[in-house]
Structure formats: C-alpha cells, structure tokens
Amino acid sequence: MTDSSTETPDEHALPDSNGAAALARLKPAFEQDPHRLREVADRNLEAAIGREVRAFRRQQGMTVADLAQVTGLSIGMLSKIENGITSPSLTTLQILSHAFSTPITSFFRRFEERREVQHVKAGDHIEIERRGTRAGHQYNLLGHIGSNSSGVLVEPYLITLTEESDTFPTFQHDGVELLYMLEGEVMYRHGDQLFHMQPGDSLFFDADAPHGPEVLVKLPARYLSVISYPQP
C-alpha cells in the first residue's frame, strides 16, 4: 500500500502522447457500422438459416467443399444457402442436420430471436466474488447476458480499491479487457509494462498476459473493467 507521494520509475510508464499517437496511426477501419439500419433481408428466414448453417460448419472445422462432399450438395447450392439467397427445402435441411448431428429446429433458432437487455438502477448492482476479492478488491457486476447470438460473452464490472485493498498484478484469463479510470490513481501492470492510470484514462489489452494494479497511488480508486471472450 502506498500513498500519493510514491514515485515510480518513469521508464516503466508509457507517456500519454504515445498512446494517443498510436491510436492516430492505427485509425482502425471498423467493419461494422453501428448506425446502419439492418436490412429486411438480414431478418428474413433464409438469412437466419444461412447464418446457422455457416456457424455449424465453422464449429466443426469444415470448408464449404468438405460439407459438399459429406452431403452431396453442390458448393454453389451451399454458398447460396449460407448467404440467404435461396430457401432450402425440408429435404436439404434434413441432409444438413444429419451432417452436423443437430436437429432441424436448430437452423431456425435465430429467426425472430429475442434480444436481451438489462437495466440496473444505481445501488442495485450485485457485489460478487472474483480472484481479486481476497486482495480486498470490490467487484460490482453491472449486468450480465448469457449465451447469445453474437458468440461473445461480456462481463462489465465496477471495481473499487480502498485502504483495505492489496496490490494484485497477476490476474490472467481468456479474452480481452478494457479499463476506464473513474476515480483515484493506480499504477497498473500489463506484462512487463507499467501504466499510470488517472481519471479519464483507458487501457485495452489482451487479458492472457499477467495484469493488475501494482501500486495504489491515490485512494479510493474506482474503474470500469469490461471483459470480453468467446462463448464456450
């Protein structure tokens, strides 16, 4: 435990300008437009079936050519099915269900599927136990949606560190994680790098590397932690 007078070697901290410059250089071209209105074709039955067929094929590590060989259906036909261009007959769906060892009804599960949403009022967030709990880190789960059509699970937490908290820079888990500092200051380790986190700072990283708060500079400290990983 340290107070705000603690100094850490400058060579371990990444200057703020470096992070901003890196973002400016990258200028990621995101494939998904969050403002795009979903086309009617994306919501129809053929498209829903096509997405399921493609998902089952990829889950089993098959190419379209592999699936064509197993089912006797042409590559062209399978491509049209996966892209929602054609409506497969009941016989074709039965052939595909045998190939994937799944019931025919599984091809329809995303059609008019309910999209979940959660609204948690202030003060109603659930405090849960995680690995850092034993180090005095308080975790409040901000929401949870289980298995869903995106194929991704997300765990959003509000983490609070106090005078009773201890450092714990060795968290390690699957997925990626985003931190957003709300209050206080910490020196946060990721692998062999150390970052001075202040209110308004963010840190986005591969969570498979050891990470966590190494120096508690100014307490109490609060930050958002959003962990994302593929559904098992």
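This text goes with the structure placed above it.
Residues numbered from 1 in each chain as written. Predicted model: local features only at pLDDT ≥ 70, side-chain atom pairs only at ≥ 80, totals over all residues. Heavy atoms only, no water.

Which residues make up the pairing of strand E5 (residues 193–197), and what are the values?
Note: strand E4 (residues 176–190) against E5, five bridges, orientation antiparallel. Residue pairing for E5: Met-187 is matched across the bridge by His-196. Adjacent in sequence and paired antiparallel, E4 and E5 are bridged by two residues, among which Gly-191 carries a positive phi angle near 60°. (Pairing = 2+ DSSP bridges. Helix = DSSP H or I, 4+ residues; strand = E, 2+ residues; numbered from the N terminus.)

Please give an account of the packing of helix H3 (residues 45–59) against helix H6 (residues 90–100) that cites residues and values.
With their axes 10 Å apart at the nearest point, H3 and H6 run at an angle of 25° to one another. It follows that H3 is roughly parallel to H6 by the angle criterion. Considering only the axes of H3 and H6, their crossing is left-handed. Across the interface between the two elements, Ile-49, Val-53, Phe-56 and Arg-57 of H3 pack against Leu-93, Leu-96 and Phe-100 of H6. (Axes fitted to C-alpha atoms, helices over the stretch in contact; angles between N-to-C directions. Parallel < 35°, antiparallel > 145°, perpendicular 65-115°, else oblique. Left-handed = near helix turned anticlockwise from the far one by under 90°. Contact = heavy atoms within 4.5 Å.)

Please set out empty space enclosed by the protein residue by residue, giving values where relevant.
Vacant regions in the atomic arrangement are exposed by a probe of water-molecule size rolled over the atoms. Across all of its chains, the model carries one cavity of 30 Å³ or more by this definition. Of the pockets and cavities examined, the largest cavity occupies roughly 110 Å³. (1 Å grid on protein atoms, 1.4 Å probe; cavity = no way out; pocket = protein on both sides within 12 Å on 5 of 7 lines; lining within 4 Å. Points joined across faces, edges and corners; volume = space filled by probe spheres on them.)

Just give me the short version of the nonpolar core, but keep the residues and values in it.
Counting residues in hydrophobic clusters, the biggest one holds 21 residues, and the most contacted among them are Leu-161, Leu-179, Val-186, Tyr-188, Met-197, Leu-203 and Tyr-223. Among the secondary structure elements, those contributing two or more residues to this core are strand E2 (138–141), strand E3 (152–161), E4, E5, strand E6 (202–206) and strand E7 (211–230). Aside from chain neighbours lying at most four places away, what touches Met-197 is Leu-179, Met-181, Gly-184, Glu-185, Val-186, Tyr-188, Ser-202 and Leu-203. Judged by nonpolar contacts, the second largest core, of 14 residues, contains Ile-49, Leu-93, Ala-99 and Phe-100. (Core = buried A, V, L, I, M, F, W, Y, C linked by side-chain atoms within 4.5 Å. Buried < 20%, exposed > 50% of the residue type's maximum accessible area, 1.4 Å probe, protein only.)

Give me the lowdown on the environment of Tyr-188, citing residues and values where you can.
Counting through the fold element by element, Tyr-188 comes out in strand E4. On the basis of relative accessible area, Tyr-188 is assigned to the buried category, the value being 3%. Put simply, Tyr-188 and Glu-214 are 26 residues apart on the chain and 5.6 Å apart in space, counted from C-alpha to C-alpha.

Tell me about the pattern of salt bridges, and name the residues and values.
Counted under the stated rule, the structure contains five salt bridges. Across the pair Glu-82 and Arg-57 runs a salt bridge, and its minimum N-O distance is 2.6 Å. Of the two residues, Glu-82 sits in helix H5 (residues 75–82) while Arg-57 sits in helix H3, which places them 25 residues apart along the sequence. An identical accessibility class is assigned to Glu-82 and Arg-57; each is buried. In this structure, Glu-183 and Arg-222 form a salt bridge, with 2.9 Å as the shortest nitrogen-oxygen distance. With Glu-183 in strand E4 and Arg-222 in strand E7, this pair connects stretches of sequence that are 39 residues apart. We classify Glu-183 as partly exposed; its relative accessible area is 30%. (Salt bridge = Lys/Arg side-chain N within 4 Å of Asp/Glu carboxyl O.)

For the packing of aromatic side chains, give the residues involved together with the corresponding values.
For the coordinates displayed, the defined rule picks out seven aromatic pairs. Taking the centre distance of 5.7 Å and the plane angle of 25° together, the rings of Phe-56 and Phe-100 count as stacked. With a gap of 44 residues between them, Phe-56 in helix H3 and Phe-100 in helix H6 connect regions that are remote in the sequence. Both rings, one in Tyr-188 and one in Tyr-223, keep their centres 6.3 Å apart while their planes meet at 85°; by these two values the pair is edge-to-face. (Phe/Tyr/Trp six-rings, centres within 6.5 Å; stacked < 30°, edge-to-face > 60°.)

Go over H5 with me, naming the residues and quoting the values.
Within H5, the full set of buried residues consists of Leu-78, Ile-81 and Glu-82. Mapping the buried residues of H5 onto a view down its axis gives an arc of 95°, with all of them on the same face. On its buried face, H5 is in contact with H3, helix H4 (64–71) and H6. Two residues or fewer past H5, Gly-84 is found with a positive phi of approximately 70°. (Arc of directions from axis to C-beta.)

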